[in-house]
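# Survey of secondary and tertiary structure
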Amino acid sequence: MSDLSSLRKRIDSLDTTLVNLLNERAQVSLSIGAAKRRETANDNGAKETHVYMPGREKEVYAKLERLNSGPLANVSLHAIFREIMSASIALQKDVSVAYLGPPGTFSHQAAYTRLGDSVAYHPVNQIAGVFEAVEKKKATYGIVPFENSTYGTVVETMDSFIRTTVRVRAEIYLPVHQCLLSNSAMDKITKVYSHPQGLGQVQQWLTTHLPDAKRIPVKSTAEAAEQAAAEPGAAAVCSEICASLYGLNVVASDIEDNSANTTRFLLIGTDSDNATNDDHTLIHFTVDHRQPGALCDGLKVFKNHNLNLFKIDSRPSGQRPWHYVFMVECSGHAQNESVQNAVKDLNQFCLDVVVLGSFPNQRPE
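This text gives an overview of the structure that appears in the document. Just so it is clear, the structure is predicted and the values come from calculations on it, not from any experiment. (Residues numbered from 1 in each chain as written. Predicted model: local features only at pLDDT ≥ 70, side-chain atom pairs only at ≥ 80, totals over all residues. Heavy atoms only, no water.)

Here we come to the overall build of the protein chain. Secondary structure summary: the protein chain contains 12 helices and 15 strands in total. A principal-axis box enclosing the C-alpha atoms of the protein chain has dimensions of 85 × 65 × 35 Å. Counting over 365 residues, the protein chain shows a buried share of 46%. Within the protein chain, counting contacts between residues at least 6 apart in sequence, those at least 24 apart form 77% of the total. When the accessible surface of the protein chain is split by element, carbon and sulfur atoms take 52% of a total near 18,600 Å². When the 35 positive and 40 negative side-chain charges of the protein chain are each reduced to one mean point, those points stand 3 Å apart. (Helix = DSSP H or I, 4+ residues; strand = E, 2+ residues; numbered from the N terminus. Buried < 20%, exposed > 50% of the residue type's maximum accessible area, 1.4 Å probe, protein only. Contact = heavy atoms within 4.5 Å. Areas by Shrake-Rupley, 256 points an atom, 1.4 Å probe, with all protein chains shown as cover. Lys, Arg positive; Asp, Glu negative; His and termini not counted. Charge placed at Lys NZ, Arg CZ, Asp CG, Glu CD.)

Attention shifts here to the packing of helix α2 (residues 54–67) against helix α3 (residues 74–92). Two elements in contact, α2 and α3, have axes whose closest approach is 10 Å; the angle formed by their N-to-C orientations is 140°. Classified by the angle between their axes, α2 and α3 sit oblique to one another. In the packing of α2 onto α3, the handedness of the crossing is right-handed. Contacts from Glu-57, Val-60, Tyr-61, Leu-64 and Glu-65 of α2 reach α3 at Asn-74, Leu-77, His-78, Phe-81, Arg-82 and Met-85. (Axes fitted to C-alpha atoms, helices over the stretch in contact; angles between N-to-C directions. Parallel < 35°, antiparallel > 145°, perpendicular 65-115°, else oblique. Left-handed = near helix turned anticlockwise from the far one by under 90°.)

Looking now at the environment of Val-154. Tracing the sequence through the fold places Val-154 in the loop between β4 (152–153) and α6 (155–163). Judged by relative accessible area, which is 3%, Val-154 ranks as buried. Placed 109 residues apart in sequence, Val-154 and Thr-263 show a C-alpha to C-alpha distance of 9.8 Å. Once residues within four sequence positions are removed from consideration, Val-154 is found in contact with Ile-127, Pro-145, Phe-146, Glu-147 and Gln-197.

The next subject is helix α9 (residues 221–230). The periodicity of an α-helix, 3.6 residues per turn, causes residues three or four places apart in sequence to face the same way. Listed in full, the buried residues belonging to α9 are Thr-221, Ala-222, Ala-224, Ala-225 and Ala-228. The arc enclosing the buried residues of α9, seen along the axis, measures out at 150°, which places them on a common side. (Arc of directions from axis to C-beta.)

Okay, the pattern of salt bridges next. Across all of its chains, the model carries 13 salt bridges by this definition. Taking the shortest distance from any N to any O, the salt bridge between Arg-169 and Asp-271 comes out at 3.3 Å. Of this pair, Arg-169 sits in strand β5 (residues 167–175) while Asp-271 sits in the loop between β11 (262–269) and β12 (279–286), placing them 102 residues apart in sequence. The residues Arg-169 and Asp-271 share a single accessibility class, namely buried. In this structure, a network of salt bridges that share partners links the residues Glu-147, Glu-171, Arg-264, Lys-311, Asp-313 and Glu-329. (Salt bridge = Lys/Arg side-chain N within 4 Å of Asp/Glu carboxyl O.)

So, on to the side chain of Glu-171. Here Glu-171 shows up in strand β5. Judged by relative accessible area, Glu-171 falls into the buried class, the value being 0%. Only 2.8 Å separates the side chain of Glu-171 from the side chain of Arg-264, close enough to count as a polar contact. The residues contacting Glu-171, other than those within four sequence positions of it, are Arg-114, Arg-264, Phe-265, Leu-266, Phe-359, Pro-360, Asn-361, Gln-362 and Arg-363. (Polar contact = N/O pair within 3.5 Å; in protein donor to acceptor, adjacent residues only side chain to side chain.)

Here the focus is the sheet that holds strand β10 (residues 249–252). Read across the open sheet, the 5 strands follow the order β8-β7-β9-β6-β10; overall the sheet is mixed. Whereas interior strands pair on both sides, the edge strands pair on one side only; in this sheet they are β8 (214–217) and β10. Between one strand axis and the next, the sheet turns through 35° on average, direction left out of account. Relative to strand β9 (residues 234–238), strand β6 (residues 179–182) is paired through 4 bridges, and the arrangement is antiparallel. Bridged to Cys-179 within β9 is Cys-238. α9 rests against β6, β7 (191–194) and β9 of the sheet, and its axis sits at about 160° to β9. (Pairing = 2+ DSSP bridges.)

Let us look at the side chain of His-195. Locating His-195 in the fold gives a position in the loop between β7 and α7 (196–201). Classification of His-195 as buried rests on a relative accessible area of 8%. Residues in contact with His-195, not counting those within four places in the same chain, are Leu-100, Glu-156, Val-218, Lys-219, Ser-220 and Thr-221.

This brings us to the environment of Gln-291. Residue placement: Gln-291 occurs in the loop between β12 and α11 (294–304). Separated by 20 residues in the primary sequence, Gln-291 and Lys-311 place their C-alpha atoms 23 Å from one another.

Moving on, we come to the packing of aromatic side chains. Any aromatic ring pair is given by two values, namely how distant the centres are and how the planes are angled relative to each other. All chains considered together, the criterion is met by 5 aromatic pairs. When the centroid spacing of 6.3 Å and the interplanar angle of 45° are considered together, the rings of Tyr-112 and Tyr-121 count as tilted. Residue Tyr-112 is classed as partly exposed on the basis of its relative accessible area of 30%. Overall, Tyr-121 belongs to the buried group, its relative accessible area being 18%. (Phe/Tyr/Trp six-rings, centres within 6.5 Å; stacked < 30°, edge-to-face > 60°.)

On to the nonpolar core. Counting residues in hydrophobic clusters, the biggest one holds 21 residues, and the most contacted among them are Phe-161 and Ile-268. Listed by contribution, the elements that provide at least two residues to this core are β1 (96–100), α5 (127–135), β3 (141–148), α6, β11 and β15 (351–360). Sort the elements by how many residues they give to this core and α5 lands first, with 5 residues. Ignoring any residue separated from it by four or fewer positions in sequence, one finds Ile-268 in contact with Val-130, Phe-131, Val-134, Thr-140, Tyr-141, Gly-142, Val-144, Phe-161, Val-166, Arg-167, Val-168 and Arg-169. If you look at the next biggest cluster of nonpolar residues, it comprises 20 residues, including Val-95, Phe-106, Tyr-141 and Ala-170. (Core = buried A, V, L, I, M, F, W, Y, C linked by side-chain atoms within 4.5 Å.)

So, in structure tokens, the structure goes:
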């Protein structure tokens, strides 16, 4: 028997072992799902049974990296186990994920990167629709863009958080590489479509290479691709995957102004996961602007409780002109005593305090 034939038989034997082990793992996953449902029933259904547990997922990936001695790279192991865990989630419960569509958007990619191929994905035509789908239980979870490292906060998402009852469950960081797609040559392009974030992330490039082209904002980058495919002389700023999805040519690649361009997405559900040892919490509140130092007093609460602040933002409240909702992201989990005490103190200086959820910290180093 040749070495090649022997090695192939060895691979066949390992594949048999892997299939048996995967099914054994799946059987345990089904038992875990049954145990979760019993816990929910014992709690009189006070909380929804969640099958996607970002804290546990983070723990599994960290363990894989500790165990891995190669030759498989960590990123390859992550991809393999993403699909194993996706299949396990689907075995426990039918899971649907709402995202800003149509297919091919960066939201779609972020959702797939986190939840894999075994769950159902449902595109909606605006960010507010993602929140609505989760609130009305038309979807189990939702993925929304929250901020971009180049162009800042996604205001539609912030505005939806001010009015929502959903809670943040996880965060996802997606490196974003923008392309210019069109079926026209560069010198024939007269208009460029994209989401406002997409246009903002490439504004220097557009000024240099297409200074006379009209920039037209639309609801998503994939919608931009649809528009560009339908109009001669039109182009779209979007992901390369949209070229094959919508029948466009890649005119230019990697046109983002910052090569480290990254978008942070938040996964939303009916409630947050349990605390880990490294979490962030999102909170919003208003203040009485007639009281000097009211905002300062509110922010000082976090320092008093040794909580770091990672993000501070504001949006018009809609209650009256020049009245604002402030949103902060702090270290810790809403289940932690330090965060609970901080929220209690915050209520002494601020109004309409709402904890929007806590989630495992997964910020890239």
